[in-house]
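# Remarks on the overall topology
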Amino acid sequence: MSEAPAAPRTVSADIGLLLKPPQPRAGWRLLPARVVAMCAVELQKLSHDRTELYTRAVQPALWLLIFGQTFTRIKAIPTGGIPYIDYLAPGIIAQSAMFIAIFYGIQIIWERDAGILNKLLVTPTPRSALTTGKAFAAGVKSLIQAVVVVIIAALLGVSLTWNPLKLLGVGVIVILGSAFFSCLSMTIAGIVLSRDRLMGIGQAITMPLFFGSNALYPLSVMPGWLQAVSKVNPLSYEVDALRGLLLGTPAHLALDFGVLAVAAALGITAASSLLGRLAR
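Residues numbered from 1 in each chain as written. Predicted model: local features only at pLDDT ≥ 70, side-chain atom pairs only at ≥ 80, totals over all residues. Heavy atoms only, no water.

Per an unreviewed UniProt entry, the protein chain goes by the name Transport permease protein and belongs to Streptomyces griseorubiginosus. Its UniProt record, at the heading Sequence similarities (unreviewed entry), says of the protein chain: "Belongs to the ABC-2 integral membrane protein family." (UniProt positions renumbered as here; feature names shortened; annotations may be inferred.)

Below you can see the structure in the form of structure tokens.
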């Protein structure tokens, strides 16, 4: 026997749908879509103009070529028996990623001046979703930069691992570290509200963050006060994880991942709370 045809939809049901629009998705459901959308926008920018990748590769290449090879010959810094240029490479990867992320607040100030930020804030998308999307978009840009630095290091003979799981861990570490530093930049932007002030503060804190970490030398050679600074510096945990994953040196991977994840979450919370202040 053939099945009975389905009952046609009544006119009143159609009118009910018109009068009662579907409920918007909850914020937690918008978050993944917003993160993917922001990352896609950043990748699209890079596909149109690759100049930034080439110019940003100059500084890490100089660090490895000049500083790394010179101090490898001097052998003045204890590195646990590995060549200094190998020891330096993970630190330069973290440095180049941080330098990209730490000025990310300039972009959000530009979006405010162009009226884009106000349009984003009136959408149903939660502010935390917007901040998270921008933070992980910065992570994607930093990850591309990290790939460039890894290629340069490999060409210079640095002994890096090519284990896919460890390289995946490297990607996660770079993204988490960049997410924190980009949120730090957006938090500062929400306080100073000016590109010029943000540029000045960014330049003032980047080198202390870099030299106050274990990127160039181990903790054992630092004075006591600098060791204390290094232990609260998220860049130190990023470098420690990168060395452990890329070189196989002793590292505290669980602690490193945990600290960077917590730092990124706190950074997203702080930047989200100040996002509305930028739009005023």
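That covers the picture; the talk isn't over yet.
## Some points on helix H4 (residues 58-74)
Helix length check: H4 (17 residues) gives 24 Å between terminal C-alpha atoms against 24 Å at 1.5 Å per residue, within 8%. For H4, the principal kink sits at Gly68 and spans about 25 degrees. Of the positions making up H4, those classed as buried are Pro60, Ala61, Trp63, Leu64 and Gly68. Positive backbone phi, at 55 degrees, marks Lys75, one or two positions downstream of H4. (Helix = DSSP H or I, 4+ residues; strand = E, 2+ residues; numbered from the N terminus. Expected span 1.5 Å × (residues − 1). Bend = angle between axes of the 7 residues up to and from the residue. Buried < 20%, exposed > 50% of the residue type's maximum accessible area, 1.4 Å probe, protein only.)

## Thoughts on the nonpolar core
Counting residues in hydrophobic clusters, the biggest one holds 66 residues, and the most contacted among them are Leu64, Ile93, Ile108, Phe181 and Phe210. Setting aside its immediate chain neighbours within four residues, Phe210 contacts Trp63, Gly91, Ile92, Gln95, Met98, Ala215, Leu216 and Leu235. (Core = buried A, V, L, I, M, F, W, Y, C linked by side-chain atoms within 4.5 Å. Contact = heavy atoms within 4.5 Å.)

## A look at the packing of aromatic side chains
According to the stated counting rule, one finds eight aromatic pairs in the structure shown. When the centroid spacing of 5.8 Å and the interplanar angle of 40 degrees are considered together, the rings of Phe71 and Tyr84 count as tilted. Pair noted here: Phe71 is in helix H4 and Tyr84 is in helix H5 (residues 84-101), with a separation of 13 residues, a long-range link. The class for Phe71 is partly exposed, based on a relative accessible area of 25%. Pairwise contacts between aromatic rings join Trp63, Phe67, Phe71, Tyr84, Tyr87, Phe210 and Phe211 into one cluster. The side chain of Arg243 reaches across the aromatic face of Tyr87, ending 3.5 Å from its centre. (Phe/Tyr/Trp six-rings, centres within 6.5 Å; stacked < 30°, edge-to-face > 60°. Lys NZ or Arg CZ within 6 Å of the ring centre and 35° of its normal.)

## Observations regarding the UniProt feature "transmembrane region" (unreviewed entry) in the protein chain
Following the UniProt record, the feature "transmembrane region" (unreviewed entry) maps to residues 92-110, 143-162, 168-193, 205-226 and 253-275 here. Along residues 253-275, the helical share is 100% and the strand share 0%, with 32 Å between the first and last C-alpha atoms.

## Brief notes about helix H6 (residues 105-113)
Within H6, seven of the nine residues are buried, which leaves the element mostly enclosed by the surrounding structure. Listing the buried residues of H6 in full gives Gly105, Ile106, Gln107, Ile108, Ile109, Glu111 and Arg112. Within two residues after H6, Gly115 carries a phi angle of roughly 85 degrees, on the positive side.

## Considerations on the pattern of salt bridges
For the structure on display, the rule yields three salt bridges. For the salt bridge of Arg112 with Asp113, the shortest nitrogen-to-oxygen distance reads 3.0 Å. With relative accessibility at 19%, the residue Arg112 sits in the buried group. Assessed through its relative accessible area of 43%, Asp113 is described here as partly exposed. The partner of Asp113 in a salt bridge is Arg195, with the nearest N and O atoms 3.2 Å apart. You can see Asp113 sitting in helix H6 and its partner Arg195 sitting in helix H10 (residues 195-211), a full 82 residues away along the chain. Counted as one network, the salt bridges with shared partners bring together Arg112, Asp113 and Arg195. (Salt bridge = Lys/Arg side-chain N within 4 Å of Asp/Glu carboxyl O.)

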